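Coordinates in review
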Amino acid sequence: QKEVEQNSGPLSVPEGAIASLNCTYSDRVSQSFFWYRQYSGKSPELIMSIYSNGDKEDGRFTAQLNKASQYVSLLIRDSQPSDSATYLCAVFSSGAGSYQLTFGKGTKLSVIP
Amino acid sequence: DVKVTQSSRYLVKRTGEKVFLECVQDMDHENMFWYRQDPGLGLRLIYFSYDVKMKEKGDIPEGYSVSREKKERFSLILESASTNQTSMYLCATREVNTEAFFGQGTRLTVV
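Remember, predicted model here, so these are calculated numbers, not experimental data.

On a plain count of helices and strands, chain B comes out with 0 helices and 11 strands. Its helices and strands taken in sequence order, chain B reads β-β-β-β-β-β-β-β-β-β-β from the N to the C terminus. Expressed as lengths along the three principal axes of its C-alpha atoms, the size of chain B is roughly 40 × 25 × 25 Å. Counting all 111 residues of chain B, 50% fall into the buried class. Residue pairs at least 24 apart in sequence account for 54% of intrachain contacts in chain B once pairs closer than 6 positions are excluded.

Before going further, it helps to spend a moment on the interface of chain B and chain A. Where the parts come together, the accessible area they lose is often given as the size of the interface. With 24 residues of chain B at the interface, the matching set in chain A holds 19 residues. A combined buried area of about 1800 Å² lies between chain B and chain A, and 55% of that area is made up of carbon and sulfur atoms. The interface formed by chain B and chain A holds 0 salt bridges in total. Across the chain B-chain A interface, the total number found is 5 residue pairs in polar contact (both at pLDDT 80 or more). Counting only elements with at least two residues in the side of chain B that touches chain A, the list comes to β4 (31-38), β5 (42-51), β9 (87-94) and β10 (100-102) of chain B. Sort the elements by how many residues they give to the side of chain B that touches chain A and β5(B) lands first, with 5 residues. Its residues placed into classes, the side of chain B that touches chain A shows 11 nonpolar, 8 polar and 5 charged.

Quick look at the state of the cysteines now. Taken as a whole and judged by the stated rule, the model has 2 disulfides over all chains. A sulfur-sulfur separation of 2.1 Å characterises the disulfide bridge that pairs A:Cys23 with A:Cys89. Judged by the torsion about the S-S bond (-75 degrees), the A:Cys23/A:Cys89 disulfide is left-handed. Here A:Cys23 is found in strand β3 (residues 19-25), whereas its partner A:Cys89 is found in strand β9 (residues 85-95), with 66 residues between them in sequence. The exposure class assigned to A:Cys23 is buried, which follows from its relative accessible area of 1%. By relative accessible area, which is 0% here, A:Cys89 ends up buried. Between B:Cys23 and B:Cys91 runs a disulfide, and the two sulfur atoms are separated by 1.9 Å.

This paragraph deals with the sheet that holds strand β3 (residues 19-25) of chain B. What links the strands of a sheet is backbone hydrogen bonding, and the strands pair in either a parallel or an antiparallel sense. Residue and element names in this part refer to chain B. Within the open sheet, the 4 strands sit side by side as β1-β3-β8-β7. Their pairing is antiparallel. Edge positions in the sheet fall to β1 (4-6) and β7 (64-70), since each of these pairs with one other strand and no more. On average, each strand axis in the sheet is tilted by 20 degrees relative to the strand beside it, whichever way the strands run. Pairing analysis gives 6 bridges linking β3 to strand β8 (residues 73-78), with the strands arranged antiparallel. Within β8, the position partnered with cysteine 23 by the bridge is phenylalanine 74.

With that settled, consider unusual backbone geometry. Although it is not a glycine, A:Gln70 sits at a positive phi angle of roughly 55 degrees. Among the secondary structure elements, A:Gln70 is positioned in the loop between β7 (61-66) and β8 (71-76). At B:Lys53, a position not held by glycine, the phi torsion is positive, near 65 degrees. Following the sequence through the fold, B:Lys53 ends up in the loop between β5 and β6 (54-57).

This part covers the pairing of β5(B). Successive side chains on a regular strand alternate, one facing one side of the sheet and the next facing the other. Residue and element names in this part refer to chain B. Here β5 lies mainly inside the structure; 8 of its 10 residues are buried. In this structure, β4 lies alongside β5, joined through 7 bridges in antiparallel fashion. Note that in β5 the partner of methionine 32 across the bridge is serine 49. Between β4 and β5, which follow one another and run antiparallel, lie 3 residues, and glycine 40 among them has a positive phi close to 80 degrees. Here β5 pairs with β6 via 3 bridges, running antiparallel. For tyrosine 47, the partnering residue across the bridge sits in β6 and is lysine 57. In textbook terms, the turn of a hairpin is the stretch between consecutive antiparallel strands, and for β5 and β6 this stretch comprises 2 residues, one of which, lysine 53, has a positive phi near 65 degrees.

Turning our eyes to something else, we now look at the environment of A:Val4. Residue and element names in this part refer to chain A. By the element assignment, valine 4 lies in strand β1 (residues 4-6). Residue valine 4 is classed as buried on the basis of its relative accessible area, which comes to 9%. It is 6.8 Å that separates the C-alpha atoms of valine 4 and threonine 102, two residues lying 98 residues apart in sequence. Beyond its immediate sequence surroundings of up to four residues, valine 4 is in contact with Cys23, Thr24, Tyr25, Cys89, Val91, Thr102, Phe103 and Gly104.

The rules behind the values
- Residues numbered from 1 in each chain as written.
- Chains lettered and ligands numbered in written order.
- Predicted model: local features only at pLDDT ≥ 70, side-chain atom pairs only at ≥ 80, totals over all residues.
- Heavy atoms only, no water.
- Helix = DSSP H or I, 4+ residues; strand = E, 2+ residues; numbered from the N terminus.
- Buried < 20%, exposed > 50% of the residue type's maximum accessible area, 1.4 Å probe, protein only.
- Contact = heavy atoms within 4.5 Å.
- Buried area = accessible area lost by both parts, 1.4 Å probe.
- Salt bridge = Lys/Arg side-chain N within 4 Å of Asp/Glu carboxyl O.
- Polar contact = N/O pair within 3.5 Å; in protein donor to acceptor, adjacent residues only side chain to side chain.
- Nonpolar A, V, L, I, M, F, W, Y, C, P; charged D, E, K, R; others polar.
- Disulfide = S-S within 2.5 Å.
- Pairing = 2+ DSSP bridges.
- Axes fitted to C-alpha atoms, helices over the stretch in contact; angles between N-to-C directions.

See the structure below:
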C-alpha cells in the first residue's frame, strides 16, 4: 500500500511569517505531486502541482520536490489568516494498468493575526 | 473550468438501505475516484476508474461497489448501509498528467 506521510501539526505561525509544510512518500515510482488546501466543511482545492525535482513558485507559495529523498514540501511566505486551513499532500502513481492518487492525512495550519 | 457535481450535499439514510452516490464531470476526464474522509484518517480511496466500465479497488472497498457506464458519470453504491459508513464522500476527476478536481462532497449520515 502506497503511503504519504505529513507532519502531524497543528502548525501555528504568526501573520507574515513563513509556514513550512512537509510530506514524504513511500512509492519510488511516484510521478506527480500536489498540494491541496481544504477549509473546514469544504472540498480540497489545488494550491500547487510539481512534477520534477527542484522548486516551483507561484505567488506566495513554493513547492519543493526531491525524488531521491522522496520528499515534497510547501512553503507559504507572508502567511495570512486566510491561509488557515488543512493542507493535503497528494501523490499520483501509475503502472501496470493501476492508477493511485494517494493523500496524506493533512496538516492543519493556523495563522495567528 | 472543470465542473464536478455530486448529486447530494447532505444525505440521511437508514441502516440496511441501498445508497447511490452520483458524480458527474464535464471535462471528458478518463480517471475518476471516490474517497471518504473521516477526522484523523484523512482521505481514503474507495474505488477508482481509469476508463468506462473499468474499475479498481482502492484501500477500503469493503461494503462498496461502483459503476461507470458512461465516461462522465461515476457512481458509488453502498449495498447495505451501515452506521460505520457515516462519512464525507468526495468524488474526484483527473486527466493524465494533471491535477485532480473535486466535487463539493456528500455528507452521508446512516442512522
